[in-house]
Amino acid sequence: AQTVTQSQPEMSVQEAETVTLSCTYDTSENNYYLFWYKQPPSRQMILVIRQEAYKQQNATENRFSVNFQKAAKSFSLKISDSQLGDTAMYFCAYSGAGSYQLTFGKGTKLSVIP
Amino acid sequence: GAGVSQSPSNKVTEKGKDVELRCDPISGHTALYWYRQSLGQGLEFLIYFQGNSAPDKSGLPSDRFSAERTGGSVSTLTIQRTQQEDSAVYLCASSLAGRANEQFFGPGTRLTVL
């Protein structure tokens, strides 16, 4: 079974600074997808960024980028120029290619401090 | 609709009562997913629908949990004889067929069992 581990239950960052959230996963599959979701207090899960395992290039979305290390099974999220609106729970998730379910980590609570 | 909607937003019930949680997916999305998010935990997959069929019910935690989907649209998650450990946020997501890697989430229903 696939597992996703987020080792940082809580983190904080000063506004405008950069922060990196860690995620590791375990799988025997060769092709899969990795995700970072943001969950603000409104509870709405919002997709931040997605990475396809067969793509070596790290995904980027504006201030959000990932460091995908397939051999190490590591998938960290870097948030640049942190903003107050980035305050939320962040979940790392895994999905096997052809699978229909997402496997989530336990989340990292990020606080952006003014 | 514009997004996935869920009702009620919050539900408080007494132990032993039955509850029904509703999910209305994005129009045209034939795949629908239910997840449970317990306090301090990541999301736990419950069940997946393709159309009105649920090919995988293995995530349902007990036989007190059931789900149905009619007309390929609205889905209802029913919990019978609720227990305090059922207290959680229940999240629904939908996607186009075969696009489980592009799931859109609703705002969830927070269930509290007293």
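Residues numbered from 1 in each chain as written. Chains lettered and ligands numbered in written order. Predicted model: local features only at pLDDT ≥ 70, side-chain atom pairs only at ≥ 80, totals over all residues. Heavy atoms only, no water.

## Considering the confidence of the model for chain A
In the predicted model, chain A carries a mean pLDDT of 94, and 100% of its residues have values of at least 70. Across chain A, the element-wise mean pLDDT spans from 92 in strand β7 (residues 60-61) of chain A up to 98 in strand β3 (residues 19-21) of chain A. (pLDDT = per-residue confidence, 0-100. Helix = DSSP H or I, 4+ residues; strand = E, 2+ residues; numbered from the N terminus.)

## Points about the interface of chain A and chain B
Across the contact, 17 residues belong to chain A and 24 residues belong to chain B. Roughly 1700 Å² is buried in total at the junction of chain A and chain B, and carbon and sulfur atoms are behind 49% of that figure. Three residues, Arg43(A), Tyr100(A) and Phe104(A), lead the burial of chain A against chain B; their summed loss comes to 40% of the area buried on that side. Here Arg50(A) and Glu102(B) are joined by a salt bridge, their closest N and O atoms 3.7 Å apart. Viewed at the interface, chain B and chain A are joined by ten residue pairs in polar contact (both at pLDDT 80 or more). Its residues placed into classes, the side of chain A that touches chain B shows eight nonpolar, six polar and three charged. (Contact = heavy atoms within 4.5 Å. Buried area = accessible area lost by both parts, 1.4 Å probe. Salt bridge = Lys/Arg side-chain N within 4 Å of Asp/Glu carboxyl O. Polar contact = N/O pair within 3.5 Å; in protein donor to acceptor, adjacent residues only side chain to side chain. Nonpolar A, V, L, I, M, F, W, Y, C, P; charged D, E, K, R; others polar.)

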